[in-house]
Amino acid sequence: MTTEKPHDTFPRQYARTNRFTAGAPRSFTVTPDGARVLFLRSRGTGAPANLLWSLDVATGAETVLADPAVLLGGGAEELSDAEKARRERSRETSAGIVGYALDAAGRTAVFALSGRLFAVAPDSGEARELPAAAPLLDPRPSPDGSHVAYATPAGELRVTAVDGSGDRLLAGPDGDGVSWGQAEFIAQEEMGRDRGYWWSPDGGALLAARVDDTPVRRWWIADPANPGRPPVEIAYPAAGTPNAEVGLWLLGLDGTRTEIRWDRTAYPYLARVHWSAGGPPLLQVQARDQREQLVLEADPATGDTTVLLTERDQDWLELFAGVPVRRADGQLVRIADADGARVLLVGEQAVTDAGLHVRSVLGLDGGKVLFSASCGAAEFERRPPGWLGVFEYGPDGVREIGDGALGAVRGGATTVLTTADPRRPGTTVSVLRDGAEPLVIASHTDTPLITARPVFRFAGERRIPCAVLLPTGYDPDTDGQLPVLMDPYGGPHGQRVVQAHNPHLTSQWFADQGFAVIVADGRGTPGHSPAWEKSINRRTAEITVADQVDALHALAEEFPLDLSRVAVRGWSYGGYLAAAAVLREPDVFHAAVAGAPVTEHDLYDTHYTERYYGDPAEEPEVYEANSVVALAPSLRRPLMIVHGLADDNVVVAHSLRLSTALLAAGRPHTVLPLSGVTHMTPQEDVAENLLLLQVRFLKDALGMA
C-alpha cells in the first residue's frame, strides 16, 4: 500500500509512515499446536492503529481477530498518563493494539485498548470486553486461560475471570509511592524488563513485584511553552542517588501471600524472573555496581531462595533477553562471557564457541533452544559487518536456520522468521513448516521514495564495522571529493551497522544532499565481542571518539572524502558522541549536531551510568573526564544542540547545562528546543523539519550552501 502525496519528499514520508513501520507485521506468537500465527499490523500509512490478526498456517488465510475501530465503536483511543509513560520507556510509537498475550493452550488472547480489557478466541474470532477496572495496564492471561491479571495506574494488581464472573483486587498500595505488578523506571528503561508479575504454571498464583519509589528523588518536567500548566513530577533515580526498593511476593488467588526473600541490600536489582513447568521460580538479581549477580531458585511454599549460580566480572555483567530460563528437563539455559567469547550454556555445557557471539535466547521448544547470534571474534570477517543470524541448539548440536534473520518465534512445528536484506526495503516475515512451502506474511508499508545503497567495510587496524553511503548517481570521475557526515550512535546497546535496508535510509537521504555519510560502530557497540563492548569502561568519551576518527581516516584511503569538511550528528548517546567529537577533536570534526545529548553523567540514571562510570561519589574524576560540559571552553566549531523539553529520559537540563557553560566561555552555538517533544520524536512535523533543519545547518557550517 503506497500513499504518496503530491510533491512528497523523503523527510515527509519518513515522518508520516512512522519511519516506515506503519503497516509492517510485528509481535508474532505461534499457537502451541503450530496451527495459527497471531500478529499485529495496521492497515498502512493513514490508518496507523494496529489490528490483531490470525494466519491459518494450513491455508495461508489471514483473519482480523480484533479491530480497534470496531471495538471502540469508532471512538477515539484514550491513553492514561501511565500508559503513555510505559510506551515511552519501550519506545512504542504506534496506536491501536500495541501488545497482547496468549494463554498456554492458545485459546484466549487478551489485550488492552483505550485502557479497557478485551479477550478474543483465535479459533472462533469472537472478541469481547471483560470486566476490569479501567484504565488498566499490561493484561496477561493465566496459563490455563481462566483468569486475566492486570495492573492499574493506581498501583493495584487485579485479576478478573475470563467467564465474566468477577473482578477483584489481588494487591493494592500499602503506602505512599507503592505499586504492585509493574516494572519500575530502571527495569523498563535500562534492564530490559517491562513486566512486573508472572503467573505460576498452574495458574493458581502470581509472582508480583512490589515497588516503593518513595526513596527516589523527585524531578519536575515543565512545559515552558505553556506556563499555565503545572510541572509534571517524576521519580528519577540519577546516578549516585537512591533507587526504588523492589521486592517480590507470591500472591495466591486464594488470598495467601508469601514474600520471596534474598539479600536485597547486596543485590537490589531484580533483573529477571522466570517460572515454567521445568521447576521452581528463577530469579536473577544484581549488585548495584553490576559486577556480581546471582541466579536464585525460590521455594514457593516458604519464600526462601537458594543460590544456583554466582557470576562476577571485573567490568560489568550484561543482562540478556530470554535468560536465565529452564528447559522442560529442568536444565538452566543462560548466556555468559567465557574465555573471551559470549556463549550459550545449557546446564554446565557451553554449546557454542568463539565462532558465534550470542545475543539473546528467542524461545524454547522442548529440548531445543532458539537463539540469535552475530559472528564471533574467531570468525569475525567470515560474515559482512552487521550480520545477524538465528540458530537452534538441539540433540544434533547447533544449526543455523536464518541467515540475516532479525528474530524468530516458534510453536509446534511452525517457525516465524523475520529477515532483512540491505538490497531490499523493509523486512520479510516467513512462516516455515516442515515439508511445506514457506508462507509470507504481507506488509502494508510504503515503499521508500529513495533507495539506500550502503557499502559495508571493516575499517582500520581495529576492523571497525562501517557503512558508507554516497550520493545517488555519484560519479567519482567527475564529482570529486565529498564533504563527510559521520552519522553514528556509537555507544552501548546501539548497533547502527546492520545488514538491512531501512535503517540506512536517513543516512542515504543525507548523502543525497551532497555528503559522503559514514556510520561507524566503534568499541562499546554490541555484536562484536565482550572485550570490544567493555573496552569503554570509564573511558567512553576517549574511546568512542577515537574510533570515529580512526574509521574516518581509514575509509578516506578508499572513498572520496574531503577531510577538510567533516561533520558529525547523533541522537541520545549519538548526541553525546557528536558533542564530544567536536569538542575533543576540532581539527577533525568541523561541525556537529547533538540531539538529546547526555552532557553530564550525574544527571543520568543509576543502572546505565554507574555501569560505565561507577559511583559519582567514589569516582568523581571519571565523571569529569567524560563530561562534555567540562570541555565547553574548547569549542571552536559550529554546534547545534537539539532537545525535547518533555524528555524524561535524558532531561533537557543536559543541554541547558552545556549551553550555559558555552555561553559563560563566550562560545557561540545554536540551541533548538522542541516544545512538547520527549526522547522520541513521533510528531510528523517535528520529525520532518528536524531533518531539514539539520542539513541546512550542516551545509552552512561546512560552506556547502
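Summary of the structure given here.

Conventions used here
- Residues numbered from 1 in each chain as written.
- Predicted model: local features only at pLDDT ≥ 70, side-chain atom pairs only at ≥ 80, totals over all residues.
- Heavy atoms only, no water.
- Helix = DSSP H or I, 4+ residues; strand = E, 2+ residues; numbered from the N terminus.
- Buried < 20%, exposed > 50% of the residue type's maximum accessible area, 1.4 Å probe, protein only.
- Areas by Shrake-Rupley, 256 points an atom, 1.4 Å probe, with all protein chains shown as cover.
- Lys, Arg positive; Asp, Glu negative; His and termini not counted.
- Charge placed at Lys NZ, Arg CZ, Asp CG, Glu CD.
- 1 Å grid on protein atoms, 1.4 Å probe; cavity = no way out; pocket = protein on both sides within 12 Å on 5 of 7 lines; lining within 4 Å.
- Points joined across faces, edges and corners; volume = space filled by probe spheres on them.
- Nonpolar A, V, L, I, M, F, W, Y, C, P; charged D, E, K, R; others polar.
- Pairing = 2+ DSSP bridges.
- Right-handed = clockwise from strand over helix to strand, strands pointing away.
- Salt bridge = Lys/Arg side-chain N within 4 Å of Asp/Glu carboxyl O.
- Axes fitted to C-alpha atoms, helices over the stretch in contact; angles between N-to-C directions.
- Contact = heavy atoms within 4.5 Å.
- Core = buried A, V, L, I, M, F, W, Y, C linked by side-chain atoms within 4.5 Å.
- Expected span 1.5 Å × (residues − 1).
- Disulfide = S-S within 2.5 Å.
- Polar contact = N/O pair within 3.5 Å; in protein donor to acceptor, adjacent residues only side chain to side chain.

### Here we look at the overall build of the protein
Each helix and strand counted, the protein has 13 helices and 44 strands in total. Counting the 705 residues in the protein, one finds 58% classified as buried. By element, 49% of the accessible surface of the protein is carried by carbon and sulfur atoms, the whole surface being about 27300 Å². Computing the positive centroid from 64 side-chain charges and the negative centroid from 92, the protein places the two 2 Å apart.

### Notes on empty space enclosed by the protein
The final tally for this structure, using the stated rule, is five cavities of 30 Å³ or more. Estimates place the volume of the largest cavity at around 130 Å³. Together, 17 residues line the largest cavity, and F380, G386, P465, Q495 and G527 are the ones closest to its centre. A class-by-class count of the residues in the lining of the largest cavity yields nine nonpolar, six polar and two charged.

### Quick word on the pairing of strand 41 (residues 561–571)
In this structure, strand 39 (residues 482–486) lies alongside strand 41, joined through four bridges in parallel fashion. Across the sheet, M486 pairs through a bridge with V568, a residue of strand 41. Remark: the strand 41/helix 9 (residues 573–584)/strand 42 (residues 591–595) crossover connection has right-handed handedness.

### Side note on the pattern of salt bridges
Applying the stated criterion to the full structure yields 44 salt bridges. The salt bridge involving D337 is made with K534; its shortest N-O contact spans 2.9 Å. On the criterion of sequence distance, the pair formed by D337 in strand 26 (residues 332–338) and K534 in helix 7 (residues 530–534) is long-range, its members being 197 residues apart. Taking the relative accessible area as the measure of exposure, D337 reaches 31% and is therefore partly exposed. Across the salt bridge formed by R410 and D365, the nearest N and O atoms sit 3.6 Å from each other. Within this pair, whereas R410 is found in strand 33 (residues 405–411), its partner D365 is found in strand 29 (residues 356–365), the two being separated by 45 residues in sequence. Among the residues examined, D365 registers a relative accessible area of 29% and is labelled partly exposed. Connected through salt bridges with shared partners, the residues D313, D337, R342, E533 and K534 form a single ionic network.

### Points about the sheet that holds strand 44 (residues 670–674)
One open sheet accounts for eight strands, arranged 37-38-40-39-41-42-43-44; its pairing is mixed. Pairing within the sheet leaves two strands with one partner each, and these edge strands are strand 37 (455–459) and strand 44. When strand polarity is set aside, the average angle formed by the axes of neighbouring strands in this sheet is 20°. The strands that helix 9 touches are strand 41, strand 42 and strand 43 (639–644); relative to strand 41, the one it contacts most, it runs at about 145°. Against the sheet, helix 12 (residues 653–664) engages strand 43 and strand 44, with an angle of about 150° to strand 43.

### Focus: the nonpolar core
By size, the foremost hydrophobic cluster in this structure holds 69 residues, and its most contacted members are I518 and L639. The contacts of I518, once residues within four sequence positions are left out, are A467, V468, V484, L485, M486, D487, L552, L555 and L561. One finds A467, V517, V686 and L690 within the second-largest nonpolar core, a separate group that totals 31 residues.

### Some words on unusual backbone geometry
What you tend to see is this: most non-glycine residues have negative phi, and most peptide bonds are trans. Of the consecutive residues A134 and P135, the connecting peptide bond is found in the cis state with omega at -5°. Considering the arrangement of structural elements, one finds P135 in the loop between strand 9 (127–129) and strand 10 (137–141). For the bond running from V323 to P324, omega is 0°, close enough to zero to count as cis. On the secondary structure map, P324 appears in the loop between strand 24 (305–312) and strand 25 (325–326). The backbone of R538 sits at a positive phi, close to 70°, despite the residue not being glycine. Within the secondary structure layout, R538 lies in the loop between helix 7 and helix 8 (540–555). Positive phi values are uncommon outside glycine, yet A596 reaches one of about 45°. Positionally, A596 belongs in the loop between strand 42 and helix 10 (606–613). With relative accessibility at 0%, the residue A596 sits in the buried group.

### Here's the deal with the environment of V295
Counting through the fold element by element, V295 comes out in strand 23 (residues 292–298). A relative accessible area of 2% places V295 in the buried class. In this structure, the C-alpha to C-alpha distance between V295 and E381, residues 86 residues apart in sequence, is 35 Å. Ignoring anything within four residues of it in the chain, the contact list for V295 reads L282, L283, T306, V307, L308, L309, E311, P324 and L332.

### Here we look at helix 13 (residues 684–701)
Compared with an ideal rise of 1.5 Å per residue, which puts 18 residues at 26 Å, helix 13 spans 26 Å between its outermost C-alpha atoms and is within 8% of the ideal. Of the positions making up helix 13, those classed as buried are V686, A687, E688, L690, L691, Q694, V695, F697 and L698.

### Comments concerning the state of the cysteines
In this structure the tally under the stated criterion is zero disulfides. Considering cysteine sulfurs only, C466 is the nearest to C375, which forms no disulfide, with 17 Å between them. Exposure remark for C375: the relative accessible area of 6% places this residue in the buried category. In this structure C466 comes out as buried when scored by relative accessible area, which is 0%.

### Remarks on the environment of D202
Within the secondary structure, D202 sits in the loop between strand 15 (197–199) and strand 16 (205–212). The exposure class of D202 is exposed, given its relative accessible area of 58%. Distance in space between the C-alpha atoms of D202 and A579 is 53 Å, their sequence separation being 377 residues. At a separation of 2.9 Å, a polar atom in the side chain of D202 contacts the main-chain amide nitrogen of G204.

### Observations regarding the sheet that holds strand 26
Read across the sheet, four strands follow the order 25-26-27-28 without closing on themselves; strand pairing throughout is antiparallel. Looking at strand neighbours, the two that pair on one side only are strand 25 and strand 28 (349–350), the edges of this open sheet. Both strand 27 (residues 341–346) and strand 28 contribute to a ladder of two bridges, which runs antiparallel. Opposite L345, over in strand 28, you have A350 as the bridge partner.

### Considerations on the side chain of H607
With respect to the element layout, H607 can be found in helix 10. Side chain to side chain, H607 and Q286 meet in a polar contact 2.9 Å long. Looking at H607, its side chain comes within polar contact range of the side chain of R611, at 2.9 Å. Aside from chain neighbours lying at most four places away, what touches H607 is I186, E190, M191, Y269, Q286, Q290 and L319.

### Brief notes about the side chain of T160
Tracing the chain through its elements places T160 in strand 12 (residues 157–161). Look at T160 and you get buried, because its relative accessible area is 0%. A distance of 3.1 Å separates the side chain of T160 from the backbone oxygen of G166, its partner in a polar contact. Discounting residues that sit within four places of it in the chain, T160 has contacts with L117, P131, S146, H147, V148, Y150, G166 and D167.

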